[in-house]
Amino acid sequence: MTRVALAGGGTAGHTSPLIATALELQRLDPETEVVCIGTSKGLETTVIPAAGLPLELITPVPLPRSLSWDLVRLPWTLTRSVTEARRILKQHGAEVLVGFGGYVSIPAYIAARTLGVPIVVHEANKLPGIANRVGARWAAVVATTFAETELPGGRVLGMPMAREIAHPAINKAEARSRFGLAPDRPTLLVSGGSQGAVRINDAVAAARDALLAGGVQILHVLGAKNFDDSHRVVEHPTGARYVPVAYVDHMAEAYGAADLMLGRAGAATVMETAAAGLPVVFVPLPWGNGEQARNAESLVEAGAGTMIRDAELDGATLVQHVLPRITDPDGLRTMSQAARQHHPPDAAEALARAVLAVAEGSQETRPE
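Residues numbered from 1 in each chain as written. Predicted model: local features only at pLDDT ≥ 70, side-chain atom pairs only at ≥ 80, totals over all residues. Heavy atoms only, no water.

A. Quick peek at empty space enclosed by the protein. Here the structure, examined in full by the defined rule, presents one cavity of 30 Å³ or more. Empty space within the largest cavity amounts to approximately 110 Å³. Surrounding the largest cavity, Glu 24, Met 159, Met 161, Ala 162, Arg 163, Ala 166, His 167, His 343, Asp 346, Ala 347, Ala 348 and Glu 349 form its lining. Counting only elements with at least two residues in the lining of the largest cavity, the list comes to α6 (163-166) and α14 (347-365). Of all the elements, α14 adds the most residues to the lining of the largest cavity, at three residues. Its residues assigned to classes, the lining of the largest cavity shows six nonpolar, two polar and four charged. (1 Å grid on protein atoms, 1.4 Å probe; cavity = no way out; pocket = protein on both sides within 12 Å on 5 of 7 lines; lining within 4 Å. Points joined across faces, edges and corners; volume = space filled by probe spheres on them. Helix = DSSP H or I, 4+ residues; strand = E, 2+ residues; numbered from the N terminus. Nonpolar A, V, L, I, M, F, W, Y, C, P; charged D, E, K, R; others polar.)

Here it is as structure tokens:
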């Protein structure tokens, strides 16, 4: 029996590959025991239990970017969080820790290091976050999504994701019917990521009538915090429908329903849509070090997608980018073919096998 701990949280960019890897570990070896480590601040509190995986919580350790009380409290908070992570690793007899980044990962990495538990790191973005830059120094395996990612010992495995994204279990008409969409209309999927994106939502609100008038139906994932009773299905005289939802549990179905997507350029979105062969109009989040724009660069250069700067996004610009593309079936097929060339197949299986190999080595070197 192999015991694996997986740490990651905050957004879907961390939780989605964690869940995919955990489920793949159990598929490869049903006797594998997994425990997931997160904090109360992130998406993991809902999506990890929903996937049927056990979740343990530790104190979040946000890393302050300026002089503040958070910086003063950092040593105490980090010590507390590391102590909690050590308890979880010891209690579950973890033979390897797999980290995916986010606030939870630094204390988990430190805890594993102090206990002699080997570490595997997966970095989703082209530009690695601080947690994974720390963890990579101690890791037995460092897996990356992009070849351009610079981490010590990094090797490209791709983005772990749900198997049904690259290998759909239902066809396009079935996927559309699950969202109350017509089977034969051009379909735009809009999603600003797990937290939603107000700027994208506002632009879609401004462009909605023009898109519906053009016969384009819209599946709009607003994000739970942006969704309220005012968001209702809209029927246009053309027959096209606008269908707003707060969140989608199975993005494979949403990808399968769409001809084109409008969304951010988080690593999970970039690689999942590439695997699904779904063309995207990317609107990268303009924060941080510009990592979202870099995530999508290769797809845009290959003709698999297009990009709008966040500051330039409005209703008119959205219509100009979407309407000519989504009503051009031949162009969409070309974009889809280009997208599929940018995702290494079966990344979840590759990472899971690497984790099991590290755990096996840990078992062999463990004192009797």
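Moving on, there is more to tell.
B. Structural detail: the packing of helix α10 (residues 267-276) against helix α11 (residues 291-301). Following both chains from N to C, one finds α10 and α11 inclined at 25°, their axes separated by 8 Å at the closest point. As far as their axial angle goes, α11 and α10 are roughly parallel. Where α10 crosses over α11, the handedness of that crossing is left-handed. Residues Ala 267, Val 270 and Ala 274 of α10 lie in contact with α11, whose contacting residues are Asn 295, Ala 296 and Leu 299. A per-class count over the contact of α10 with α11 returns five nonpolar, one polar and no charged. (Axes fitted to C-alpha atoms, helices over the stretch in contact; angles between N-to-C directions. Parallel < 35°, antiparallel > 145°, perpendicular 65-115°, else oblique. Left-handed = near helix turned anticlockwise from the far one by under 90°. Contact = heavy atoms within 4.5 Å.)

C. Layout of the environment of Glu 164. Tracing the chain through its elements places Glu 164 in helix α6. Its relative accessible area of 35% is what places Glu 164 among the partly exposed residues. A C-alpha to C-alpha distance of 9.3 Å links Glu 164 and His 250, two positions 86 residues apart in sequence. (Buried < 20%, exposed > 50% of the residue type's maximum accessible area, 1.4 Å probe, protein only.)

D. Spotlight on the sheet that holds strand β7 (residues 154-156). With parallel pairing, the seven strands of this open sheet are ordered in space as β3-β2-β1-β4-β5-β6-β7. Only two strands of the sheet have a single neighbouring strand rather than two, namely β3 (55-57) and β7. Within this sheet the neighbouring strands show an average axis-to-axis angle of 25°, counted without direction. In this sheet, strand β4 (residues 96-99) lies alongside strand β1 (residues 3-7) in parallel orientation, the contact comprising four bridges. Across the sheet, residue Ala 5 finds its bridge partner in β4, namely Leu 97. The strands that helix α4 (residues 105-115) touches are β1, β4 and β5 (119-123); relative to β4, the one it contacts most, it runs at about 160°. (Pairing = 2+ DSSP bridges.)

E. Representation of the pattern of salt bridges in the model. What the rule picks out here adds up to 16 salt bridges. Asp 209 is paired through a salt bridge with Arg 208; the nearest N and O atoms lie 3.6 Å apart. Note on Asp 209: relative accessible area 46%, which makes it partly exposed. The shortest N-O distance in the salt bridge between Arg 353 and Glu 349 comes to 3.0 Å. (Salt bridge = Lys/Arg side-chain N within 4 Å of Asp/Glu carboxyl O.)

F. The arrangement of helix α1 (residues 12-28) in detail. Taking 1.5 Å of rise per residue, 17 residues should cover 24 Å, and α1 covers 23 Å from first to last C-alpha, within 8% of that figure. Every buried residue belonging to α1 is among Ala 12, Thr 15, Pro 17, Leu 18, Ile 19, Ala 20, Thr 21, Ala 22, Glu 24 and Leu 25, and all of these are buried. (Expected span 1.5 Å × (residues − 1).)

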